[in-house]
Amino acid sequence: MVWQTIKRWYHMLGSPRYFYTFSSALLPWLTPIALLVFTVGIVWGLAFAPSDYQQGNSYRIIFIHVPASSGALMGYVAMGVAGLVAVVWRMKMAEVMMKAIAPFGAALAAISLATGALWGKPTWGTYWQWDARMTSMLILLFMYVGVIALQNVIRDPRQAARAAGLLAMVGVINVIIVKYSVEWVQTLHQGSTLKLVGESTINPAMKYPLLISMLGTWLLYAVNVLVRARTEVVWRERRSKWVRKLVKGGGQ
Amino acid sequence: MSVFRAALVRELLVLWRSPAEIINPLFFFVMVISLFPLAISPKPELLALVAPGVLWVAALLAVMLSLDGLFRRDQESGVLELLLTAPVMAVVPVSAKLLAHWLLTGLPLVLISPVLAHMLQLPDGVLGTVMLSLLLGTPALTIIGAIGAALTVGLNRGGILLAVLVLPLYIPVLIFGAGAVSAAVDGGAVNGILAILGALLALTVSLGPLAVAAGLKISSGN
């Protein structure tokens with residue numbers, strides 16, 4: 001029963017037209033919720049959470065750093081999955097998603113690196129260190145750039161999406177290997193203090209604003225992907241009847 | 001199997017008859033390495049310190065640049081289309097092509113590496129590790145790079161784009177390859193690192209040609 005529902009949704013959302021109407025209904029709700037959650041998380045974290053007993057107030061950049069890092073990582077994995085669907089099943093919406101996911105993810109990777117450098121200076125005394133996580137994030141940014149570059153160079157949009165999809169799939173395997181291969185170089189970065197399973201070692205007063213700002217970032221990411229995907233869908237389907245009707249009706 | 005053999009013989013012949021494609025990567029390798037003593041310092045102790053990284057980065061760039069034209073000639077002459085529409089799995093002739101390419105461009109780098117390592121003042125005891133690490137690493141570099149070459153085959157501006165796509169994927173091989181040589185210089189254990197390098201090679205040999213074939217199919221619009 002559940003499987004049937006998933007299958008039906010997969011096929012329905014695979015249709016560009018259905019996706020467009022579905023996202024039209026979803027966005028007016030999702031956008032304010034995303035903005036609200038993000039603002040609550042950031043304001044709570046930056047202004048009201050207690051300061052750290054070792055790092056003072058400088059730790060507060062965690063409320064931007066960790067959500068950005070997690071968003072960049074999840075974005076790349078999502079892009080790899082969309083790439084798999086695009087290459088194997090040639091589903092149009094997966095191709096559109098591939099293209100929509102990349103820019104925001106690359107921006108988040110850049111934000112993660114920048115905030116990490118700013119946080120590293122007061123805490124470790126250096127902006128940059130070639131440790132496992134920082135190096136992996138840098139490579140992740142490079143691979144986002146590679147996917148975007150490949151997409152921009154190939155003229156046919158369907159071919160571009162499938163080529164970039166294959167690259168993203170290889171990239172996902174690479175991210176995992178890079179993560180473990182730089183780990184044997186000495187690591188400066190602290191381990192994860194936030195765990196979904198098991199006991200977190202982070203103070204609950206810091207944990208909840210962190211979780212909320214992470215959720216807010218992911219929701220904003222989703223909004224961004226939906227908006228980009230809608231633009232792409234309309235462009236790709238510009239010759240179809242429903243888009244013509246949409247344009248004539250002033251977007252209604 | 002006969003398809004594989006026929007494709008291998010053909011590729012070896014084609015490459016053998018255009019010796020520039022074999023010699024140029026080799027000389028690139030030698031030239032890049034001879035830039036470093038001139039740029040950094042010819043002091044033996046300094047050179048020995050950077051030598052593992054220099055050797056590996058130069059080998060990596062030589063392999064990558066040799067791949068730029070890997071599929072281009074076949075695409076221009078129409079051979080690639082025939083290969084992809086032939087009644088065999090595309091991965092068979094593609095694997096033969098990769099093997100031929102490595103035999104004539106990757107293997108010479110391995111064979112000349114002890115001379116260059118000696119010129120970079122590495123102790124004689126580590127020359128074996130240098131060769132072994134390159135022997136395990138360069139085929140992996142060839143296959144990973146071929147994925148990028150397959151995806152960019154129809155585009156007229158390979159070069160830089162290929163580097164942007166492929167260099168991030170080369171990083172694990174580089175870390176373990178140069179790491180093995182550095183460990184040998186320090187007198188540490190190298191077997192574990194070489195084993196990981198071998199594991200990376202096994203992964204790329206088993207899955208890489210499939211990705212290359214898929215990339216070629218995408219690029220040719222099938």
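As the structure is a prediction and not an experimental result, all values here were calculated from the model.

Topic: the overall build of chain B
And step 1. The helix and strand tally for chain B stands at nine helices and zero strands.
And step 2. Listing every helix and strand of chain B by position from the N terminus yields α-α-α-α-α-α-α-α-α.
And step 3. The C-alpha atoms of chain B give a radius of gyration of 18 Å, which matches the 17 Å a tight globule of 222 residues would have.
And step 4. Overall size of chain B, expressed as C-alpha extent along the three principal axes, is 55 × 35 × 30 Å.
And step 5. Long-range contacts, defined here as pairs at least 24 residues apart, represent 80% of the contacts in chain B between residues at least 6 apart.

Topic: the overall build of chain A
And step 1. The number of helices and strands found in chain A is eight helices and zero strands.
And step 2. Reading the secondary structure of chain A in the N-to-C direction produces α-α-α-α-α-α-α-α.
And step 3. Seen through its C-alpha atoms, chain A measures out along the principal axes to roughly 60 × 40 × 35 Å.
And step 4. For chain A, with 252 residues in total, the buried portion stands at 37%.
And step 5. Counting contacts in chain A only where the partners sit at least 6 residues apart, residues at least 24 apart contribute 78% of the total.

Considering the interface of chain A and chain B
And step 1. Taken together, the contact between chain A and chain B spans 21 residues of the former and 18 residues of the latter.
And step 2. Contributing elements (two or more residues each) for the side of chain A that touches chain B: α5 (132–153) and α6 (157–181) of chain A.
And step 3. Examining the composition of the side of chain A that touches chain B, we find that ten residues originate from one element, α6 of chain A, more than from any other.
And step 4. Residue composition of the side of chain A that touches chain B, grouped by class: 16 nonpolar, four polar and one charged.

Notes on the nonpolar core
And step 1. Counting residues in each nonpolar core, the largest one holds 135 residues, and the members touching the most others are M97, L166 and L167 of chain A together with L55 and A59 of chain B.
And step 2. With 14 residues, helix α8 (residues 159–185) of chain B is the largest single contributor of residues to this core.
And step 3. Non-local contacts of M97 of chain A, meaning those with residues more than four positions away in its chain, are made with A82, V225 and A229 of chain A.

With respect to unusual backbone geometry
And step 1. In this structure, R90 of chain A is a non-glycine residue whose phi angle is positive, near 50°.
And step 2. Inspection of the secondary structure puts R90 of chain A in the loop between α3 (62–89) and α4 (92–124).
And step 3. For Q121 of chain B, which is not a glycine, the phi torsion comes out positive at approximately 65°.
And step 4. Checked against the element boundaries, Q121 of chain B lands in the loop between α6 (91–119) and α7 (127–151).
And step 5. On the neighbour-count criterion, Q121 of chain B (16 C-beta atoms within 10 Å) is partly exposed.

A closer look at the packing of α6 of chain B against α7 of chain B
Residues and elements named next belong to chain B.
And step 1. For the pair α6 and α7, the least separation of the axes is 9 Å and the interaxial angle reads 150°. On the basis of their axis angle, the class for α6 and α7 is roughly antiparallel. At the point where α6 passes α7, the crossing takes the right-handed sense. In contact with L98, H101, W102, G106, L109, V110, S113, P114, A117 and H118 of α6, α7 contributes L127, V130, M131, L134, L135, T138, P139, T142, I143 and A146.
And step 2. Residue composition of the contact of α6 with α7, by class: 14 nonpolar, six polar and no charged.

Side note on the environment of G188 of chain B
And step 1. Among the structural elements, G188 of chain B can be located in the loop between α8 and α9 (191–219).
And step 2. Here the alpha-carbon distance between G188 of chain B and L136 of chain B, two residues 52 residues apart in the chain, equals 19 Å.

A word on the environment of F29 of chain B
All names here are of chain B.
And step 1. In this fold, F29 is placed in helix α2 (residues 20–39).
And step 2. Given 25 C-beta atoms within a 10 Å radius, F29 is considered buried.
And step 3. F29 sits 43 residues away from R72 along the chain, and the two C-alpha atoms are 22 Å apart.
And step 4. What F29 contacts, discounting residues up to four positions off in sequence, is A58, A59, A62 and L109.

Examining the packing of α7 of chain B against α9 of chain B
Relative placement of two packed helices is described by the angle separating their axes and the distance separating the axes.
All names here are of chain B.
And step 1. Two elements in contact, α7 and α9, have axes separated by 8 Å at closest approach and are oriented at 20°. Taken together, the axes of α7 and α9 lie roughly parallel to each other. Our pair here, α7 against α9, has a crossing hand that is left-handed.
And step 2. When the residues that make up the contact of α7 with α9 are grouped by side-chain class, the tally is 20 nonpolar, seven polar and no charged.

Basis of the calculations
- Residues numbered from 1 in each chain as written.
- Chains lettered and ligands numbered in written order.
- Predicted model: local features only at pLDDT ≥ 70, side-chain atom pairs only at ≥ 80, totals over all residues.
- Helix = DSSP H or I, 4+ residues; strand = E, 2+ residues; numbered from the N terminus.
- Rg over C-alpha atoms; globule rule 2.2 N^0.38 Å.
- Contact = placed C-beta atoms within 7 Å.
- Buried ≥ 20, exposed ≤ 12 C-beta atoms within 10 Å, placed from the backbone.
- Nonpolar A, V, L, I, M, F, W, Y, C, P; charged D, E, K, R; others polar.
- Core = buried A, V, L, I, M, F, W, Y, C linked by C-beta atoms within 7 Å.
- Axes fitted to C-alpha atoms, helices over the stretch in contact; angles between N-to-C directions.
- Parallel < 35°, antiparallel > 145°, perpendicular 65-115°, else oblique.
- Left-handed = near helix turned anticlockwise from the far one by under 90°.

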